[in-house]
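Structural characterization, general
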Amino acid sequence: MLLAGEAEPGAPTWADRVLTHPALSRVATRMHRATFPQQLTFCGGPVLIETARMLAQAREAALAKRGARA
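To start, this report covers the structure provided alongside it.

Conventions used here
- Residues numbered from 1 in each chain as written.
- Predicted model: local features only at pLDDT ≥ 70, side-chain atom pairs only at ≥ 80, totals over all residues.
- Heavy atoms only, no water.
- Helix = DSSP H or I, 4+ residues; strand = E, 2+ residues; numbered from the N terminus.
- Buried < 20%, exposed > 50% of the residue type's maximum accessible area, 1.4 Å probe, protein only.
- Contact = heavy atoms within 4.5 Å.
- Areas by Shrake-Rupley, 256 points an atom, 1.4 Å probe, with all protein chains shown as cover.
- Lys, Arg positive; Asp, Glu negative; His and termini not counted.
- Charge placed at Lys NZ, Arg CZ, Asp CG, Glu CD.
- Salt bridge = Lys/Arg side-chain N within 4 Å of Asp/Glu carboxyl O.

**Topic: the overall build of the protein**
Counting its secondary structure elements, the protein contains three helices and two strands. Reading the secondary structure of the protein in the N-to-C direction produces β-α-α-β-α. A principal-axis box enclosing the C-alpha atoms of the protein has dimensions of 35 × 25 × 20 Å. By residue count, 23% of the 70 residues in the protein fall in the buried class. Counting contacts in the protein only where the partners sit at least 6 residues apart, residues at least 24 apart contribute 54% of the total. Just so you have it, the protein exposes about 5200 Å², and 61% of that area is on carbon and sulfur atoms. Within the protein, one finds 9 positive and 5 negative side-chain charges whose respective centroids are separated by 14 Å.

This is how it looks when you write it as structure tokens:
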């Protein structure tokens, strides 16, 4: 799972820049990517509740995608 923080909807993320790295290109077909509002990737505080919800959704989406391939 690659988590990508998005500064604003549609803006390039840090993950967009690193996806072309050779180390990631080897696992790209097996990797699920989840994009989050960037403020949810910062340390602790009230955003943790929303972050946990979005992580759970990303996990379910990755598992569903993986199950569809099987």
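**A short note on the pattern of salt bridges**
If you walk through the whole model with that rule in mind, you get two salt bridges. Note that R53 is salt-bridged to E50, the shortest N-O span being 2.3 Å. Pair noted here: R53 and E50 are both in helix 3 (residues 47–69), with a separation of three residues, about one helical turn. With a relative accessible area of 31%, E50 lands in the partly exposed category. The salt bridge partner of R59 is E60, with a shortest N-O separation of 3.4 Å. The exposure class assigned to E60 is partly exposed, which follows from its relative accessible area of 48%.

**Looking at the environment of Q38**
Here Q38 lies in the loop between strand 2 (33–37) and helix 3. Spatially, the C-alpha atoms of Q38 and A7 are 5.0 Å apart, while their sequence positions differ by 31 residues. Excluding residues within four positions of it along the chain, Q38 makes contact with G5, E6 and A7.

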